[in-house]
Amino acid sequence: MTRTTGILSDSAIGTLFGEGRLMSEKMLDHDQIQPASLDLRLGAKALRVRASFMPGRAHTVADKLERLTLHEIDLENGAVLETGCVYIVPLMESLDLPAEMSASANPKSSTGRLDIFTRVMVDYAQEFDKIPAGYKGPLYLEISPRTFPVIVRRGSRLSQIRFRVGQALLGERELLDLHATETLVASEAPNVSGGGIALSIDLKGTGDDGLIGYRGKHHTGVIDVDKKAAHDVLDFWEPLYSRGADELILDPDEFYILVSNEAVHVPPLYAAEMTPYDPLVGEFRVHYAGFFDPGFGHAAAGGSGSRAVLEVRSHEVPFILEHGQVIGRLVYEHMQQLPQGLYGSGLGSNYQAQGLKLSKHFRLG
């Protein structure tokens, strides 16, 4: 069954390439198309700029870069991007969207778990990470490492893009009905409001030692974003343990990896996204990397019991989190059609059936 509206599946994204609606400087990587998204690849250069900026309705990104670029960095053989700096990288992929099709972008899960702040920009944009219907032109990625310096290179994949036709969001009644049949979050009394279903925080901990999360260290070495299991956890992270109070004080400007109390389920005909910041639940930002592909946590795809790993950063003031406190909301969207592959089903998915887990770049011991 194919809907007239919804998120495009992997096969439909492939068709966009075939029709010249989605273009790239080189052939796609074999695993670049995900069940409901496309990984975006860095181009050959990064431009260090004075500050983040928005192109605005009268300017292209290139117009602004002429005035704001401090220097150019060659990414062909890899380069270090420093913390606290802002870089703009032209991406390999570009678009020529049909009039009825829009898109949105988000950092990849591994990007968010490294506290790399990324946003996609397009010409004449007035919003980050939003590509208007019918857009024709290049894509750019703003990159600002917040905690760790990182090595990137041409072809590195830090962000991903989704394509949609029309209105795809589920309303609250639809969410409740879907939860009743599919159990979207492991909660007997789901908290549904504002178009999303709530997730709470687990601060009781796991294992014999009661591990509840990690806090990023300062003044570390560099992390190569393209290398798996290449770095020791304790060189970059301070483990945090429960001491019986089931609470955690978030210090301003520190970065934390925590985990949801509930397991999350995204049925095959749906996609989900974590809302990144909700001032109604506290002054902190949750989950830079907000996309959950169809099949995340789906038992048939090996994901029964998958919890959401949360990238948390407090704003301005210390903030006390308590076990079971609402920390974010998931919104669900319809897929246009069933994907050919589900998250975790032979796709090299790193975070299916996960609990508390750092990014793929780290090894224990």
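First, a word on what this report is: a plain description of the structure on this page. None of the values given here were measured: they were computed from a predicted structure.

## Some remarks on the overall build of the protein
Here's step 1: Within the protein, the regular secondary structure consists of five helices and 28 strands.
Here's step 2: Rg of the C-alpha trace for the protein: 20 Å, near the compact-globule value of 21 Å for 365 residues, within the 12% margin.
Here's step 3: Dimensions along the principal axes, computed over C-alpha positions, put the protein at roughly 55 × 50 × 35 Å.
Here's step 4: Sequence separation of 24 or more characterises 80% of the internal contacts of the protein that already satisfy a separation of 6 or more.
Here's step 5: For the protein, the accessible surface area stands at approximately 15,200 Å², while carbon and sulfur atoms represent 49% of it.

## With respect to the nonpolar core
Here's step 1: Judged by nonpolar contacts, the single largest core of 54 residues is most densely connected at Leu42, Leu95, Ile131, Leu139, Phe163 and Trp237.
Here's step 2: Apart from residues no more than four positions distant in its own chain, Trp237 is found in contact with Arg113, Phe148, Tyr214, Arg215, Gly216, Lys217, Phe255, Ile257, Leu358 and Phe362.
Here's step 3: Of all hydrophobic cores here, the second largest spans 31 residues; its members include Leu184, Val185, Ile201 and Ala308.

## Description of helix H4 (residues 172-182)
Here's step 1: Inspection of H4 places Leu175, Leu178 and His179 among the buried residues, and these make up the whole buried set. All buried residues of H4 lie within an arc of 105 degrees about the axis, which places them on one face of the element. Of the exposed residues in H4, the ones pointing more than 90 degrees away from its buried face are Arg173, Ala180 and Thr181.
Here's step 2: The first or second residue beyond H4 is Thr183, which carries a positive phi of 50 degrees.

## So, unusual backbone geometry
Here's step 1: Notably, Asp129 is not glycine yet its phi reads approximately 65 degrees, a positive angle.
Here's step 2: Here Asp129 lies in the loop between strand S9 (116-121) and strand S10 (130-131).
Here's step 3: Asp129 sits in the buried class, given a relative accessible area of 14%.
Here's step 4: For Asp246, which is not glycine, the phi torsion reads 55 degrees and is therefore positive.
Here's step 5: Structurally, Asp246 is set in the loop between strand S19 (237-241) and strand S20 (247-250).

## Focus on the pattern of salt bridges
Here's step 1: Scanning the entire structure with this criterion turns up 20 salt bridges.
Here's step 2: For the salt bridge of Asp29 with Arg157, the shortest nitrogen-to-oxygen distance reads 3.1 Å. In this pair, Asp29 is assigned in the loop between strand S2 (22-24) and strand S3 (38-41) and Arg157 in strand S13 (residues 157-165), connecting sequence segments 128 residues apart.
Here's step 3: For Asp29, a relative accessible area of 27% corresponds to the partly exposed category.
Here's step 4: Among the ionic pairs, Asp177 bridges to Arg173, the shortest N-O distance being 3.2 Å. Of this pair, Asp177 and Arg173 both sit in helix H4, four residues apart, which is roughly one turn of the helix.

## Remarks on the pairing of strand S4 (residues 45-49)
Here's step 1: Looking at chain direction, S4 and strand S5 (residues 69-74) are connected through five bridges and run antiparallel. Directly across from Ala46, in S5, lies its bridge partner Ile73.
Here's step 2: Judged from the three bridges that link them, S4 and strand S7 (residues 86-96) form a sheet pairing that is antiparallel. Residue Val49 lies in a different strand from S7, and its bridge partner there is Val86.

## Structural notes on the sheet that holds strand S6 (residues 79-81)
Here's step 1: An order of S6-S12-S17 is seen for the three strands of this open sheet, with the pairing classed as mixed. What marks the edges here is a single partner per strand, and that holds for S6 and strand S17 (223-224).
Here's step 2: Bridge analysis of strand S12 (residues 150-152) against S17 gives two bridges, and the strand direction is parallel. Of the residues in S17, the one forming a bridge with Val150 is Ile223.

## Considering the side chain of Thr147
Here's step 1: One can find Thr147 in the loop between strand S11 (136-145) and S12.
Here's step 2: Judged by its relative accessible area of 9%, Thr147 falls in the buried class.
Here's step 3: Within polar-contact distance, the side chain of Thr147 engages the side chain of Asp115 at 2.5 Å.
Here's step 4: Within the local environment of Thr147, its side chain forms a polar contact with the side chain of Arg313, the two groups lying 3.4 Å apart.
Here's step 5: Those residues in contact with Thr147, other than ones at most four positions away along the chain, are Thr83, Asp115, Gly216, Lys217, Phe255 and Arg313.

## Focus on the environment of Leu250
Here's step 1: Relative to the helices and strands, Leu250 is located in strand S20.
Here's step 2: In this structure Leu250 comes out as buried when scored by relative accessible area, which is 0%.

## Considering the packing of aromatic side chains
Here's step 1: Tallied over the entire structure, the rule returns seven aromatic pairs.
Here's step 2: Judged by centre distance (5.6 Å) and plane angle (85 degrees), the ring pair of Phe148 and Phe236 falls under edge-to-face. Here Phe148 is found in the loop between S11 and S12, whereas its partner Phe236 is found in helix H5 (residues 233-236), with 88 residues between them in sequence.
Here's step 3: Residues Trp237 and Phe255 carry aromatic rings whose centres are separated by 6.1 Å and whose planes lie at 45 degrees to one another, so their mutual orientation is tilted. Taken as a pair, Trp237 in strand S19 and Phe255 in strand S21 (residues 255-263) lie far apart in primary sequence, 18 residues in all.
Here's step 4: Taking the relative accessible area as the measure of exposure, Trp237 reaches 0% and is therefore buried.
Here's step 5: Take Phe255: its relative accessible area is 1%, and that puts it in the buried class.
Here's step 6: For Arg119, the ring lying beneath its charged end belongs to Phe128, and the centroid distance is 3.6 Å.
Here's step 7: In this arrangement the basic side chain of Arg162 is found over the ring face of Phe291, its NZ or CZ atom lying 4.1 Å from the centre.

Criteria and cut-off values
Residues numbered from 1 in each chain as written. Predicted model: local features only at pLDDT ≥ 70, side-chain atom pairs only at ≥ 80, totals over all residues. Heavy atoms only, no water. Helix = DSSP H or I, 4+ residues; strand = E, 2+ residues; numbered from the N terminus. Rg over C-alpha atoms; globule rule 2.2 N^0.38 Å. Contact = heavy atoms within 4.5 Å. Areas by Shrake-Rupley, 256 points an atom, 1.4 Å probe, with all protein chains shown as cover. Core = buried A, V, L, I, M, F, W, Y, C linked by side-chain atoms within 4.5 Å. Buried < 20%, exposed > 50% of the residue type's maximum accessible area, 1.4 Å probe, protein only. Arc of directions from axis to C-beta. Salt bridge = Lys/Arg side-chain N within 4 Å of Asp/Glu carboxyl O. Pairing = 2+ DSSP bridges. Polar contact = N/O pair within 3.5 Å; in protein donor to acceptor, adjacent residues only side chain to side chain. Phe/Tyr/Trp six-rings, centres within 6.5 Å; stacked < 30°, edge-to-face > 60°. Lys NZ or Arg CZ within 6 Å of the ring centre and 35° of its normal.

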